[in-house]
Amino acid sequence: MKATSGALPIIAAFLCLASIQFAGASDNKTVVEKMKEAKPVTRLGSVRAPKPGEKGPFTISKGDADLTLGGKVRVDYVFDDNVYMLNKNLPDEEQYFKETVDITVAAAYGHEKYGYNAVDIFTDLRHKGVWGRPLSYADKDAGLLGSSSIKFNNESNSIFGPHAHTSTKTLTWFNEAWLRFSLNAALGVGRDGRHIQFIKLGWFPFDLGRGIALGSYYGLNRELIALYNYSEDKAAPGINLTGDIVKDRLKYDIYYARFEERGKSFDDVVNVEKRYIVGRRTHPWRGVSKNDDLIAGRIKWKALKSENDGELYFEPYIFYNAASDKKVDIPADSKANWGSYGMQLEYAYKNFECGGEFALNYGKEHLYNIDRDQTGIQNRDGYLKEEHPKILDKNPNDPSAMPVPVSAYTNKASREPVYVNGEQINIANGASEDYPFYNAKDRFRKSYTNKLGGWMTVVDGAYTFAKWNLKLALAYAYASGDDNPHTLQVNKTYHGFVGLHENYNGGKRVKSMIILDERDLLRPVAKADNRVDTSRDIHFSNLQYVGLGCKWLPKSRIKNLLIWPNILGFWATHRMHKYVPDPTNPNKSGRLSATEYARDFLGTEANIWTSCNLVTDLRFYINFAVFFPGGFYSDMKGVPTSREIFTFVAEADTRPDAVRLGLGDDTAFHLNVGIEYNF
């Protein structure tokens, strides 16, 4: 466990404080209400916007207008061991300090005149920083500035590779910035306070249900189908029309968001990224209306609310996403028209509560017929040469076949190829009888469509033992899985569940820290030719878990002390073939077995979330988790992490061991100690 052992006395001392008997005054809230309010500090904890009519500790009032100031300052120490590769033979360890600062400003008008806020404005100005690392303004949930590709010259299409700019200054940005106003007040109707309708515009969080099908973490995770991977820590821009159908019982939301804009300028619409789509050589530009738009709707219904029968809540929902010009192999080679529909429900009666959600994907992802021959720069015999990587000077079955220089092919009068992989290019179209050219075996990708047929469900329940301020909870979740949808390039149905902008960590009853909150652990992903690679994100897909949680608010002298341990077992829901490494070729990955399957059990996670108030609104917390890998990772042991590492080791080691340096099955640890002040 290495350096983690130094943190154990801190955790033990903190937990021992729970034994001190309570000697202070209590409020009038019930134990059940306190349990619902007690929340742990998660990786992506956010500052909430004030509720309508709510005034904070720093409020300035003038007439019927209020100005409220608030925010959050948070400093964290993070230590991780084996959380990426589960391999103690690698320096798979990180420890660092980071900080998060949020300054919020909220303005409201009309509460006295209308009985509700007729106008609300909210902004959250955010800064994140890793201590001692000024070139990066956040850790894993943010990226570099202006990532793009380097061209050989302005006339060439050859790409050296991506580059990005960084800033040496600490940065701030708006995490949220929105305006909300009442249509009733604007139109002078509905003065009785019933059927109030609002429009909200700007950058603000919006999710459906528990945020699994559609979450509010704008592009935080890599998407399963070729949806855009943002590197931004801010809410998505959108418009929300919301209001009461039946006051306090039935409410609706209609939401629109634009995730990507590709038509702001003439340069956007005449962008020639589509020149590699077969048949688009005469009109290679992008065109208009090629954005990434979403529309969603939901109903919030309190179907039951009584002391005798409890409370029952339903939330049916649906969304549709039209995402054009997505990237699978090359830019703008696909589009997605898809969505999800589902329902969340919650029931509570006295000390018992339960809930659940299910959702199903629908729609499709279409991949165009493309030419993968994008010219590039290669080092040949000590010289940089601009080449056609998918056009060869010999038959592709000949081991000595080499890519053709651009000067030998581009300058011909006609460059229209024969659209057949592995075939000779017509002599009239760029070759000669003495020096024929050939298409590589994978030059062209035929068009195909992935229909989306994934689904997911989560259910959980809890009971509060008021005598001991203790809540016990059980949870179960299932998300369908499948192979990589882009490995087999034929028309098919993709059965893995696809969530959009989700970051579900288990909800409010049973939480996961390493697997679902931190999400650093790599998982093998099947690729073409029976090979395998690793993915950084564990999505809420191809995943099943059973969990037990215990939320405890002990009676102690420590104010608002929360102790919340959980234990969860995780399984893959789609079988994957066992990995067979090739120790003799450490710079190349092995293959998946043709006959043996890997075991489904991913492993067991045990975690504990603890926090307390040192003074009012100043919270100290310690979060700790351990993950014990299961049979799945033992059967996938040896999947490489970096071909650069393997190549270097192969040069220095006469007997390189691919298994020793690849994905492992060692125990992983995570520790987060921090302090947070909300004002």
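Being a predicted model, the structure only gives us computed values, none of them experimental. (Residues numbered from 1 in each chain as written. Predicted model: local features only at pLDDT ≥ 70, side-chain atom pairs only at ≥ 80, totals over all residues. Heavy atoms only, no water.)

Asker: Could you clarify how one ought to interpret a nonpolar patch on the surface in this entry?
Answerer: Together, Phe58, Ile60, Leu67, Leu69, Ile103, Val105, Leu125 and Phe174 make up an exposed nonpolar region whose accessible area comes to about 670 Å². Relative to the helices and strands, isoleucine 103 resides in strand S3 (residues 93–109). What makes isoleucine 103 partly exposed here is its relative accessible area of 39%. (Patch = residues over 30% accessible without salt bridge, like charges linked within 9 Å, V, L, I, M, F, W, Y side chains within 5 Å. Areas by Shrake-Rupley, 256 points an atom, 1.4 Å probe, with all protein chains shown as cover. Salt bridge = Lys/Arg side-chain N within 4 Å of Asp/Glu carboxyl O. Helix = DSSP H or I, 4+ residues; strand = E, 2+ residues; numbered from the N terminus. Buried < 20%, exposed > 50% of the residue type's maximum accessible area, 1.4 Å probe, protein only.)

Asker: In this structure, what is going on with the confidence of the model for the protein chain? I would like to understand it.
Answerer: Any region with low pLDDT has predicted coordinates that should not be read closely. Chain-level statistics for the protein chain give a pLDDT mean of 84 and a share of 80% at 70 or above. This model gives residues 12–26 a pLDDT under 50, and the stretch forms 27 contacts once residues within four places in sequence are excluded. Per-residue pLDDT stays below 50 along residues 141–146; that stretch engages in 22 contacts with residues further than four places along the chain or on separate chains. (pLDDT = per-residue confidence, 0-100. Contact = heavy atoms within 4.5 Å.)

Asker: When you look at the packing of aromatic side chains in this model, what are you seeing that I'm missing?
Answerer: Note on aromatic pairs: each is described by the distance of the centres and the angle between the planes. Tallied over the full model, the rule gives 19 aromatic pairs. Pairing phenylalanine 465 with tryptophan 468 gives two aromatic rings, centres 6.1 Å apart and planes at 50°, and the pair type is tilted. A ring pair is formed by tyrosine 677 and phenylalanine 679, whose centres lie 5.9 Å apart and whose planes are at 20°; its orientation type is stacked. Aromatic ring contacts, followed pair by pair, group Tyr77, Phe97 and Trp131 into a single cluster. Sitting above the plane of the phenylalanine 198 ring, arginine 180 keeps its charged end 3.9 Å from the centroid. (Phe/Tyr/Trp six-rings, centres within 6.5 Å; stacked < 30°, edge-to-face > 60°. Lys NZ or Arg CZ within 6 Å of the ring centre and 35° of its normal.)

Asker: Honestly, the nonpolar core in this entry has me stumped. Any pointers?
Answerer: Membership of the largest hydrophobic core comes to 75 residues, with the highest contact counts inside it found for Phe319, Phe540, Tyr545 and Met636. With near-sequence residues (within four places) excluded, methionine 636 lies in contact with Pro524, Val532, Met576, His577, Lys578, Tyr579, Leu592, Ala598 and Leu663. In terms of nonpolar packing, the next biggest core, distinct from the first, is built from twelve residues, Phe79, Ile558, Cys612 and Phe669 among them. (Core = buried A, V, L, I, M, F, W, Y, C linked by side-chain atoms within 4.5 Å.)

Asker: In this structure, what is going on with the pattern of salt bridges? I would like to understand it.
Answerer: For the structure shown, the criterion picks out 32 salt bridges. As a salt-bridge pair, aspartate 76 and arginine 74 come within 2.9 Å of each other at their nearest N and O atoms. Across the pair, exposure class does not vary: aspartate 76 and arginine 74 are buried alike. In this structure, the salt-bridge partner of aspartate 665 is lysine 637, at a minimum N-O distance of 3.5 Å. Separated by 28 residues along the polypeptide, aspartate 665 in the loop between helix H10 (658–661) and strand S33 (668–678) and lysine 637 in the loop between helix H8 (631–635) and helix H9 (643–652) bring together distant segments of the chain. Relative accessible area serves as the criterion here: at 24%, aspartate 665 is assigned to the partly exposed category. Each member of the salt-bridge network shares a partner with another, and the members are Arg210, Glu346, Glu353, Asp460, Lys471, Lys508 and Arg509.

Asker: Hey, could you run me through the pairing of strand S16 (residues 376–380) in this one?
Answerer: In regular strands, side chains alternate between the two faces of the sheet. Bridge count for S16 against strand S17 (residues 383–392) is five bridges, and the pairing is antiparallel. Pairing of glycine 376 across the sheet is with glutamate 387, part of S17. Where S16 hands over to S17, the hairpin turn is made up of two residues, of which aspartate 381 adopts a positive phi near 55°. (Pairing = 2+ DSSP bridges.)

Asker: Looking at this structure, how should I read the environment of alanine 49?
Answerer: The topology assignment puts alanine 49 in the loop between helix H2 (31–37) and strand S1 (58–62). When neighbours within four sequence positions are excluded, alanine 49 is seen to be in contact with Phe122 and Trp178.

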